[in-house]
Amino acid sequence: STLRGNIQNMVSANNFLYIFGEDSINVFSDVRITNTGDTLFTNTNVSASVGSKLKYAVYPYFRSILFMNNYGVYALVGSTTSKISDQLDGIFPYIDFTKPVTAGQVLLNNILCAAFNFYLTSSFPITSGDRFVQVVFFEKKWFVTSQGALRYVSSAPVGGLINLYGVTDTALFKLYGDATANISSEIQTSLSPMKDPIRTKQALKFGIEATLTTGGTLVVTVDSESGSSPDYTLNNNVTWYNNQGVTLTWLNNSSAVIGWLTSSGYALYKSDAQQYGKYLGLTITSTDPALTVNTIEFEHELRVRF
């Protein structure tokens, strides 16, 4: 077997040595020494058309090898290469591959995730300004984070836990390490035809089943193909007013302000909705920590066809 193109990277995992070329992958295995001192091994070409020249974006992940090239993220499992980044196809044309592309593993909420760090240009439709971003993968799902000008990222185990670290030109950071700090987050669903793309849908209500461990606020818009509704605010905070409409503040015996919650943990937050269109969806934004969205629900009526 031959490896087309120059060797770009080598990775040892699962008792194999993986040799990456720009457009192919070989595996060295069954290495042994004969009685006469000769070295014998098996050199097998496992991918004749897909490889990677991004040497810092190839690494083991569970029983597979993950790697990124200029047109996707792939998993090499045994001798089979499969693309796992179909959901990110719209991002790749806007990546600046003259900048470093790096990757690593990280534990998030006790789930081992795979992360890739690259430079996204300002021409991407839904971002502002050129910047490094991270795309994170677990259980066939992807999400995007942005944590500053991290030119390189890499993972390392500490105390039995796999952490991800990033560097700028002047500083080193531990990534995804603070579960209590406020962060800006956005969850945007696809615009769904609700099983009937030619019928107009009138949104009536929506619900979000979420887990809020502390006081939290969700700002929601109901979206259609023609635009977004006004903001709907959902939260588990209780605001107290006196009979003159003035907000009342509660203090404990240390004079610290305390908050009141309607619920803590898993709950259903719901609201009436004003929106219509052939396709409906939701956008949820928050600045609160430790927030989990479990389920998104819609109630709608079918209206006219076409």
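Computed from a predicted model, the values in this text were never measured in an experiment.

Visitor: Just to check I follow, could you spell out the environment of Leu-54 for this structure?
Guide: Mapped onto the elements, Leu-54 comes out in the loop between β4 (39-47) and β5 (58-61). Residue classification places Leu-54 among the buried residues on the basis of a relative accessible area of 11%. Note: C-alpha distance between Leu-54 and Phe-67 (13 residues apart in sequence) is 8.2 Å. Filtering out sequence-adjacent residues up to four positions away, Leu-54 remains in contact with Met-68, Asn-69, Asn-70, Phe-97 and Val-101.

Visitor: Help me out: how do you make sense of the sheet that holds strand β13 (residues 152-158) in this one?
Guide: Neighbouring strands of a sheet are bound in pairs by backbone hydrogen bonds; such pairs are parallel or else antiparallel. With respect to topology, three strands assemble into an open sheet ordered β13-β14-β15, the strand pairing being antiparallel. Both outer strands of the open sheet, β13 and β15 (172-175), are each paired with one neighbouring strand and no more. Going from strand to strand, the sheet's axes swing by 35° on average, the running direction of each strand aside.

Visitor: So what exactly am I meant to see when it comes to the sheet that holds strand β11 (residues 131-138) here?
Guide: With antiparallel pairing, four strands are arranged side by side in an open sheet as β9-β10-β11-β12. Only two strands of the sheet have a single partner each, and these edge strands are β9 (102-108) and β12 (141-145). Here the average twist between neighbouring strands, direction ignored, is 30°. As defined by bridge partners, strand β10 (residues 111-120) adjoins β11 across seven bridges and the pair is classed as antiparallel. Within the sheet, the bridge partner assigned to Ala-114 lies in β11 and is Phe-137.

Calculation criteria
- Residues numbered from 1 in each chain as written.
- Predicted model: local features only at pLDDT ≥ 70, side-chain atom pairs only at ≥ 80, totals over all residues.
- Heavy atoms only, no water.
- Helix = DSSP H or I, 4+ residues; strand = E, 2+ residues; numbered from the N terminus.
- Buried < 20%, exposed > 50% of the residue type's maximum accessible area, 1.4 Å probe, protein only.
- Contact = heavy atoms within 4.5 Å.
- Pairing = 2+ DSSP bridges.
- Axes fitted to C-alpha atoms, helices over the stretch in contact; angles between N-to-C directions.

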